[in-house]
Amino acid sequence: MASARALLSLPPATSGSYGPQPPASSSGNMASSDLEDLCAHINTKISTIKKTLQLRNMGQEPSLKSVLCKIGHEMFLLSDLLNKMEIEVEHQEKLKNTLKEMQESFERDYNEAQHLCENIPPHLPKAIPKCTVGVIVKSEEQGKAAEPECVKKPTKEPKFIKEAPLVTAQEFEGVPAYMRGRLTYDQINGVVQDLNKAVVSKYKILHQPMKSMSSAVRNLYHRFLEEETKDTKGEFFIVEADIKEFTQLKVDKRFHSILNILRHCQRVREVRGARLVRYVIC
């Protein structure tokens, strides 16, 4: 009886009284989170399929086909523009590096020249003036004062001759494609240089004294005067005869195409009259 009462007075056994048990709640939470992830993944796939079907249906609608074609064309143009921009950026980067190297070289040369200027050896002879005034004795009996050996003559400043500036790369890109055709940037600026050469040659003759002219140059001088009009007064211009006279440029269809571009870029303008076309430098 005592042993039975003792057994009855013992506390009730718990689940932990008989050794460690697996955590049931933990495994349940893992199972629910896996199920939620699976549901989310399936829902994402379903949403993607719905969007794909919607886009396919949109592409089959006649009203939207032209819009999609236009978008595709613009994407192609945009890709081509980006490629050109990348090429231009690489070119500018190389140009920047070249300029930087030139700057460093100039700085080195300047520093060396400055150092040489500040450290001239004292034993070197000093500079002698180019023109010295001396005394010339004509005869011992007369004893007249001498005249200066070297007399500087006043130099005339060269007269201004207007030239057309070269076309910039930005202006070249702004020329319409139908006008530019297959002409290159260098070809256009080559014509600008030839036009400037003809202008300089012509106006050097006009600024030359008549006494120093040969008969052929004098004929050109008179032709230049005859070609001037009230519309070209104070302007610098040439005609086709001047281009043939002073340059190797061919006055052909390609030349006139480049002239259209130069007029578009405001490098030259035309003045017509007396069956003659005058190309005035802007």
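Described below are features of the structure shown in this document.

Analysis parameters
- Residues numbered from 1 in each chain as written.
- Predicted model: local features only at pLDDT ≥ 70, side-chain atom pairs only at ≥ 80, totals over all residues.
- Heavy atoms only, no water.
- Helix = DSSP H or I, 4+ residues; strand = E, 2+ residues; numbered from the N terminus.
- Buried < 20%, exposed > 50% of the residue type's maximum accessible area, 1.4 Å probe, protein only.
- Contact = heavy atoms within 4.5 Å.
- Pairing = 2+ DSSP bridges.
- Expected span 1.5 Å × (residues − 1).
- Phe/Tyr/Trp six-rings, centres within 6.5 Å; stacked < 30°, edge-to-face > 60°.
- Lys NZ or Arg CZ within 6 Å of the ring centre and 35° of its normal.
- Core = buried A, V, L, I, M, F, W, Y, C linked by side-chain atoms within 4.5 Å.
- Salt bridge = Lys/Arg side-chain N within 4 Å of Asp/Glu carboxyl O.

1. Thoughts on the overall build of the protein
Reasoning step 1: Within the protein, the secondary structure is distributed over nine helices and three strands.
Reasoning step 2: Reading the protein from its N end, one meets helices and strands in the order α-α-α-α-α-α-α-β-α-α-β-β.
Reasoning step 3: For the protein, buried positions account for 18% of its 282 residues.
Reasoning step 4: Within the protein, counting contacts between residues at least 6 apart in sequence, those at least 24 apart form 57% of the total.

2. Points about the sheet that holds strand β1 (residues 237-238)
Reasoning step 1: Spatial ordering of the open sheet is given by β1-β3-β2, a layout of three strands whose pairing is antiparallel. Both edges of this open sheet fall to β1 and β2 (268-273), since each of them pairs with a single strand only.
Reasoning step 2: Where β1 and strand β3 (residues 276-281) come together, two bridges link them in antiparallel fashion. Considered in β3, the bridge of isoleucine 238 is made with tyrosine 279.

3. Observations regarding helix α9 (residues 253-264)
One turn of an α-helix holds 3.6 residues; hence residues three or four places apart share an orientation.
Reasoning step 1: In a regular helix each residue adds 1.5 Å, so twelve residues correspond to 16 Å; α9 covers 17 Å between its end C-alpha atoms and thus fits that length.
Reasoning step 2: In the core, the buried residues of α9 are packed alongside α5 (177-180), α6 (185-206), α8 (240-246), β2 and β3.
Reasoning step 3: Immediately downstream of α9, the backbone of glutamine 266 shows phi near 60°, a positive value.

4. Thoughts on the packing of aromatic side chains
Reasoning step 1: This model, assessed by the stated rule, comprises four aromatic pairs.
Reasoning step 2: Pairing phenylalanine 172 with tyrosine 185 gives two aromatic rings, centres 5.7 Å apart and planes at 75°, and the pair type is edge-to-face. Residue phenylalanine 172 is found in helix α4 (residues 169-174), and its partner tyrosine 185 is found in helix α6; the two are separated by 13 residues along the sequence.
Reasoning step 3: An aromatic cluster of three or more residues is present, and its members are Phe160, Tyr203 and Phe236.
Reasoning step 4: Sitting over the ring of phenylalanine 237, lysine 202 keeps its end group 3.6 Å from the ring centre.

5. Topic: the pairing of β3
Reasoning step 1: Most of β3 is tucked away: five of the six residues are buried.
Reasoning step 2: Where β2 meets β3, six bridges bridge the pair, whose relative direction is antiparallel. What sits directly across from glutamate 270, in β3, is tyrosine 279.

6. Some details on the nonpolar core
Reasoning step 1: Leu195, Phe255 and Leu262 are the most contacted members of the largest nonpolar core, which totals 40 residues.
Reasoning step 2: The set of elements that each furnish at least two residues to this core consists of α6, α7 (215-227), β1, α8, α9, β2 and β3.
Reasoning step 3: Of the residues forming this core, the biggest block, ten residues, is contributed by α6.
Reasoning step 4: If sequence neighbours within four positions are ignored, phenylalanine 255 has contacts with Val191, Leu195, Ile243, Leu249, Lys250 and Tyr279.

7. Structural notes on the pattern of salt bridges
Reasoning step 1: Per the counting criterion, the structure on display carries eight salt bridges.
Reasoning step 2: Between glutamate 227 and arginine 223 there is a salt bridge, with the nearest N and O atoms lying 2.6 Å from each other. Here arginine 223 and glutamate 227 lie together in helix α7, a separation of four residues that amounts to about one turn.
Reasoning step 3: Its relative accessible area of 9% is what places glutamate 227 among the buried residues.

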